[in-house]
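Observations on the model geometry
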Amino acid sequence: MKFEDNVPIYQQIIAFIKLKLITKEWEADQKLPSVRDMAVQLGVNPNTIQRAYMELEREEYIYSKRGMGNFVTGDNKKIESLSEKAAEKIVNDFIREMKKMGFNTEDIISLIKEKEGSD
C-alpha cells in the first residue's frame, strides 16, 4: 500500500479496511489479520494499526474478542450503511468537480447517460 503524505497513515489504513468491508473481501465475523501481521504487511508501526483498529471498533465496524483478535462486525446493515455513505461521497465529489469545470446538472446527466450506454 502506498501512503499519501498529506493524510495520517492510520486514517488511510481505516479507509483501506473499510474498502475491504464494502467490497466484501472481508466478510461478517471474519477474523482480521493480527495487529503485528497487518503492520508487517503494510510496512508500518504496530501502534498505527492498533490506532486504526481502535477507531474502527469505536465506529462498530469491527469488534475484538479478548485473546482471539479482531473481527468484522456481523451487522450487515452497518456495512450497507458504510457502502451507501462511500457511494454518496463519490457522487458528491464527482458532481462538485464537474461543476468546477463548468458543467451544469443537465450536462452531467447527459454525459453519464452517454457513458452508461457505451458499456
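Refer to the structure presented above.
For clarity, every value in this text was computed on a predicted model and none was experimentally measured.

Should the charged atoms of two oppositely charged side chains come close, the side chains can pair. The tally for this structure, following the rule as stated, stands at six salt bridges. Here Glu-59 ties to Lys-18 by a salt bridge, and the two come within 3.0 Å at their closest N and O atoms. Taken as a pair, Glu-59 in the loop between helix 3 (46–58) and strand 1 (62–65) and Lys-18 in helix 1 (residues 9–22) lie far apart in primary sequence, 41 residues in all. With its nearest N and O atoms 3.2 Å apart, the salt bridge here joins Glu-97 to Lys-100. Linking Glu-97 with Lys-100, this pair stays in helix 4 (residues 76–100), spanning three residues, or about one helical turn. When its relative accessible area of 62% is taken as the criterion, Lys-100 is described as exposed. One salt-bridge network, in which partners are shared between bridges, spans Lys-89, Asp-93 and Arg-96.

Once that is clear, we can look at the pairing of strand 1. Relative to strand 2 (residues 69–72), strand 1 runs antiparallel, the two sharing four bridges. The partner of Tyr-63 across the bridge, within strand 2, is Phe-71.

Right, let's get into the packing of aromatic side chains. Counted under the stated rule, the structure contains one aromatic pair. The ring of Tyr-10 carries Arg-51 above its face, with NZ or CZ at 3.8 Å from the centroid. If you follow Lys-65 out to its NZ or CZ, it ends over the ring of Phe-71, 5.1 Å from the centre.

This part takes up the environment of Pro-46. Turning to its location among the elements, Pro-46 is positioned in helix 3. Pro-46 sits 10 residues away from Arg-36 along the chain, and the two C-alpha atoms are 5.7 Å apart. Those residues within four positions of Pro-46 in sequence are excluded, and the remaining contacts are Val-35 and Ala-39.

Taken together, the buried positions of helix 2 (residues 35–42) are Val-35, Met-38, Ala-39 and Leu-42. Seen along its axis, helix 2 keeps its buried residues to an arc of 105°; they face one direction. Facing away from the buried side of helix 2, by more than 90 degrees, are the exposed residues Arg-36 and Val-40. Residues of helix 2 that are buried in the fold lie against helix 1, helix 3 and strand 2. Of the residues flanking the end of helix 2, it is Gly-43, one or two places downstream, whose phi is positive at about 70°.

With respect to the helices, strands and loops of the structure, Lys-20 is situated in helix 1. Judged by its relative accessible area of 12%, Lys-20 is buried. Those residues in contact with Lys-20 that lie beyond four places of it in its chain are Glu-25 and Trp-26.

Calculation notes
Residues numbered from 1 in each chain as written. Predicted model: local features only at pLDDT ≥ 70, side-chain atom pairs only at ≥ 80, totals over all residues. Heavy atoms only, no water. Salt bridge = Lys/Arg side-chain N within 4 Å of Asp/Glu carboxyl O. Helix = DSSP H or I, 4+ residues; strand = E, 2+ residues; numbered from the N terminus. Buried < 20%, exposed > 50% of the residue type's maximum accessible area, 1.4 Å probe, protein only. Pairing = 2+ DSSP bridges. Phe/Tyr/Trp six-rings, centres within 6.5 Å; stacked < 30°, edge-to-face > 60°. Lys NZ or Arg CZ within 6 Å of the ring centre and 35° of its normal. Contact = heavy atoms within 4.5 Å. Arc of directions from axis to C-beta.

So yeah, pure geometry; function would need other evidence.
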